[in-house]
Amino acid sequence: MPASYEEVYAAMTVQELPGAGASHRSTPPPAWRPRTDAAALLPDPEPYRVLGTAAADKLDAELMRRYYAELVRGRRYNAQATALTRQGRLAVYPSTVGQEACEIAAALVLEDRDWLFPSYRDTLAAVARGLDPVQALTLLRGDWHTGYDPREHRIAPLSTPLATQLPHAVGLAHAARLRGDDVVALAMVGDGGTSEGDFHEALNFAAVWQAPVIFLVQNNGFAISVPLAKQTAAPTLAHKAVGYGMPGRLVDGNDIAAMHEVLTEAVERARAGGGPTLIEAVTYRIEAHTNADDATRYRTDSEVEAWKAHDPVELLERELTSRGLLDAEGIQVAKDAAETMAAALRDAMNAEPVLDPMDLFAHVYAEQTGRLREQAELLRAELEAENE
Amino acid sequence: MTTVAVQPGTKPATMAQALGRAMRDAMAEDPTVHVMGEDVGTLGGVFRITDGLAKEFGEDRCTDTPLAEAGILGAAVGMAMYGLRPVVEMQFDAFAYPAFEQLISHVAKMRNRTRGAMPLPITIRVPYGGGIGGVEHHSDSSEAYYVATPGLTVVTPATVEDAYGLLRASIASDDPVVFLEPKRLYWSKAQWSPDAPAEVPGIGKALVRRSGTSATLITYGPSLPVCMEAAEAAREEGWDLEVVDLRSLVPFDEETVVASVRRTGRAVVVHEAGGFGGPGAEIAARIAERCFHHLEAPVLRVTGFDIPYPPPMLEKHHLPGVDRILDTVGRLQWEN
Ligand SMILES: Cc1ncc(C[n+]2csc(CCOP(=O)(O)OP(=O)(O)O)c2C)c(N)n1
Ligand SMILES: [Mg+2]
């Protein structure tokens, strides 16, 4: 057996060249060599944790208190949105109970000028970024599709076709770099979404272009009823990064301090020109897929209970109270603020939205076609006849 | 909707149950039939159409796949090449789009490019259409894309009997069939016997669901019950409407349609898909070509508007309803 690629090539590359009459042995092609050191891209073997470990000694108390307030608010937002489905005020709600740490950290690590590319589940991330909850929930209430101006908020439309927003995030981040702006894009996707072709194509483009983009996969265990084991045979989803030539990070998605650290590091690297990162946040969807789903058909209560014991809000609360960084009063203040938000959301959603059926024709093209004008007239006449 | 005479042994069944039963019976009869898709196994599908199949036939026969429509259909092509008869489920109309490369470049063309040597007996089930209050991407009427692709058979049932009979015929077909399921009729009921399902005419045969003399409503899938209701309501206006249910868009049963329109002299095509380039455009053109001398009025269409499917709170304005159908019938030049 030849010992090296050089020897392999030396042994097999013998060419007779015409002319000069001389026999010529060509230079062997350069030996194959990996372009990137795979070891440097590999994720940790265990999800990275901060809370409950020695790393928590260095917590930024101010930042963590802010995160605590956001987590409490996020939990309350989830409860309120689910309640609104029961009152018929939302057509459907995919809850992020149990995933609040991912949603909130994703929003808070970004600068104002950065972009967020949420999936259909991630209304909480949009709200944590400062979007009015009513605007975030417009899609799910059903009065329009996207309830906000994406450019104004640097939040792309919530993407229901899974993983299709990921190439958009790459393109936007690439464009920002081409234009000399230090803007990063953070794109969110579920574990199921990583099976789609668009996920793979987005990661490849991002790595080839060294685009300033962060892919945050929330591995919440399920794609509706399908467990991760039927979705992938990879050691972890974070390992997929290596195949594209970007670092993969595995992190405890219920540990908001760890989420903050890992996301911040990826954002900083991207902003500094260091290229994309794939982050797998290991978390769990505590509630059913949506209010319309029956999760008892595919998972056990004991699994849910085990994850409830690793709750993102409680993890941080325990850490902060045991260190004397949060007291009963601080907890109450956070709860009161969350109640105020919930009451405002309830009131706003209980008001009937003002709908104009003519909007159906207003935005299909920059300039309305004759055909659409005709159809709009038909509807207008029907509505007028109804009102007579 | 259609009144079905109560047969002994029949009980109320939903379209969803009939579809599930069709797959079950096909799987029991033919070991090469495999069902696959997102959530079709343990959960029984988000609409529960495949409920019980994984339990009865095992996960190799009814498989929860990774979440990737191009992969699902591409793998089905390979399975069919090796002699299996895949029945794949696309979870919703708009989530079939990632599979279009496989559908258009391979599924539709394989028989032709191999001079008939390698037909692909694949059934692609697609819940389609609106009226269920679904948010964005859950209510598309995507039939125009399919009918515009030569090589695809495009079938859509509107009754419980047809749901069973046409799905069985689709699975038995040696050609690829896009089987469009009107999701808002999933829970519609009729008297039906799962153990002795009624025979129905095969793919490519339209049916006159209601005979009439004044004008013909030509429709399919989710719009059939609306047309039947419109035909009832039209009696008050003095119109006796005939209703033709196409059942399959490709092949299109021109003879049944032409015979009906030649009898009534007036025609309205009704579907949820947009009018421009929708199936109704082709149907109206064929009627004009073949019934010109029998027509008392131009062929009219009642379709969804040429817009992206509306949000739930506005969809009622978009969907062809009884009033819009009757208004349109009223414009068929009765004064002459
Ligand atoms: C392209 C596409 N296929 C199918 C669906 C239907 N669907 C909606 S959510 C979902 C599961 C998503 O799972 P995952 O990516 O893990 O996200 P999660 O719901 O857990 O947040 C599926 C199959 C879709 N929205 N888009
Ligand atoms: Mg998931």
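Preceding this paragraph is the structure being described.
Remember, it's a predicted structure, so these values are computed and weren't measured experimentally. (Residues numbered from 1 in each chain as written. Chains lettered and ligands numbered in written order. Predicted model: local features only at pLDDT ≥ 70, side-chain atom pairs only at ≥ 80, totals over all residues. Heavy atoms only, no water.)

1. Some remarks on the overall build of chain B
Now for step 1: Broken down by element type, chain B carries 12 helices and 14 strands.
Now for step 2: For 336 residues, the compact-globule estimate of 2.2 N^0.38 gives 20 Å, and chain B sits close to it at 20 Å.
Now for step 3: Overall, the C-alpha framework of chain B stretches about 65 × 45 × 40 Å when taken along its three principal axes.
Now for step 4: Per-residue burial over chain B gives 60% buried out of 336 residues.
Now for step 5: For chain B, the proportion of contacts with a sequence separation of at least 24, taken over those separated by at least 6, is 81%.
Now for step 6: In the structure as shown, chain B presents an accessible area of about 12,800 Å², 52% of it carried by carbon and sulfur atoms.
Now for step 7: Of the charged side chains in chain B, 30 are positive and 43 negative, and the gap between their average positions amounts to 3 Å. (Helix = DSSP H or I, 4+ residues; strand = E, 2+ residues; numbered from the N terminus. Rg over C-alpha atoms; globule rule 2.2 N^0.38 Å. Buried < 20%, exposed > 50% of the residue type's maximum accessible area, 1.4 Å probe, protein only. Contact = heavy atoms within 4.5 Å. Areas by Shrake-Rupley, 256 points an atom, 1.4 Å probe, with all protein chains shown as cover. Lys, Arg positive; Asp, Glu negative; His and termini not counted. Charge placed at Lys NZ, Arg CZ, Asp CG, Glu CD.)

2. Details of the coordination of the magnesium ion (ligand 2)
Residues and elements named next belong to chain A.
Now for step 1: The protein atoms donating to the magnesium ion (ligand 2) are Asp191 (OD), Asn220 (OD1) and Phe222 (O), with metal-donor distances spanning 2.0 to 2.1 Å.
Now for step 2: Mapped onto the polypeptide sequence, the residues donating to the magnesium ion (ligand 2) form the spacing pattern D-x28-N-x1-F. Of the two residues, asparagine 220 and phenylalanine 222, both sit in the buried class. (Donors = N, O, S within 2.8 Å, 3.2 Å for Na, K, Ca; no water.)

3. Things to note about the environment of Asp93(B)
Residue and element names in this part refer to chain B.
Now for step 1: Relative to the helices and strands, aspartate 93 resides in the loop between β4 (85-89) and α4 (100-107).
Now for step 2: A C-alpha to C-alpha distance of 7.5 Å links aspartate 93 and histidine 137, two positions 44 residues apart in sequence.
Now for step 3: If sequence neighbours within four positions are ignored, aspartate 93 has contacts with Val126, Pro127, Tyr128, Gly129, His137, His138, Ser139, Asp140, Ser142 and Lys183.

4. What to know about a nonpolar patch on the surface
Now for step 1: Nonpolar side chains collect at one region of the surface, where Phe205(A), Val208(A) and Trp209(A) lie side by side and expose about 300 Å² of accessible area between them.
Now for step 2: Val208(A) sits in the exposed class, given a relative accessible area of 59%. (Patch = residues over 30% accessible without salt bridge, like charges linked within 9 Å, V, L, I, M, F, W, Y side chains within 5 Å. Salt bridge = Lys/Arg side-chain N within 4 Å of Asp/Glu carboxyl O.)

5. Points about helix α1 (residues 15-29) of chain B
Now for step 1: Taking 1.5 Å of rise per residue, 15 residues should cover 21 Å, and α1(B) covers 21 Å from first to last C-alpha, within 8% of that figure.
Now for step 2: Listed as buried for α1(B) are Met15(B), Ala16(B), Ala18(B), Leu19(B), Gly20(B), Ala22(B), Met23(B), Asp25(B), Ala26(B) and Met27(B). (Expected span 1.5 Å × (residues − 1).)

6. Brief notes about the state of the cysteines
All names here are of chain B.
Now for step 1: The final tally for this structure, using the stated rule, is zero disulfides over all chains.
Now for step 2: The closest cysteine sulfur to the non-disulfide-bonded cysteine 227 is located on cysteine 291, 18 Å from its own sulfur.
Now for step 3: Classification of cysteine 227 as buried rests on a relative accessible area of 0%. (Disulfide = S-S within 2.5 Å.)

7. Thoughts on the interface of chain B and chain A
Now for step 1: Facing 36 residues of chain B, the contacting portion of chain A comprises 41 residues.
Now for step 2: When chain B packs against chain A, close to 3,300 Å² is buried across both sides, 63% of that on carbon and sulfur atoms.
Now for step 3: Here chain B and chain A share five salt bridges between them.
Now for step 4: Linking Arg324(B) and Glu382(A) is a salt bridge whose minimum nitrogen-to-oxygen distance equals 2.6 Å.
Now for step 5: Summed over the shared surface of chain B and chain A, the result is 11 residue pairs in polar contact (both at pLDDT 80 or more). (Buried area = accessible area lost by both parts, 1.4 Å probe. Polar contact = N/O pair within 3.5 Å; in protein donor to acceptor, adjacent residues only side chain to side chain.)

8. Some points on the pairing of strand β14 (residues 300-304) of chain B
On any regular strand, side chains alternate: one points to one face of the sheet, the next to the other face.
Residue and element names in this part refer to chain B.
Now for step 1: Burial analysis of β14 places four of its five residues in the buried class, which makes it a mostly covered element.
Now for step 2: Across five bridges, the pairing between strand β13 (residues 267-274) and β14 is parallel. For histidine 271, the partnering residue across the bridge sits in β14 and is threonine 303.
Now for step 3: Chirality of the crossover, the property in question, places the unit of β13, helix α10 (residues 279-291) and β14 among those that are right-handed. (Pairing = 2+ DSSP bridges. Right-handed = clockwise from strand over helix to strand, strands pointing away.)

9. Looking at the pattern of salt bridges
Now for step 1: Evaluation of the coordinates by the stated rule reveals 47 salt bridges over all chains.
Now for step 2: In this structure, the salt-bridge partner of Lys230(A) is Asp64(B), at a minimum N-O distance of 3.1 Å. With Lys230(A) in the loop between β5 (226-227) and α11 (240-244) and Asp64(B) in strand β3 (residues 62-64), the pair connects residues from two separate chains.
Now for step 3: Taking the shortest distance from any N to any O, the salt bridge between Arg235(B) and Glu232(B) comes out at 3.4 Å.
Now for step 4: Each of Arg21(B), Arg24(B), Asp25(B), Glu56(B) and Asp195(B) takes part in a single network of salt bridges with overlapping partners.

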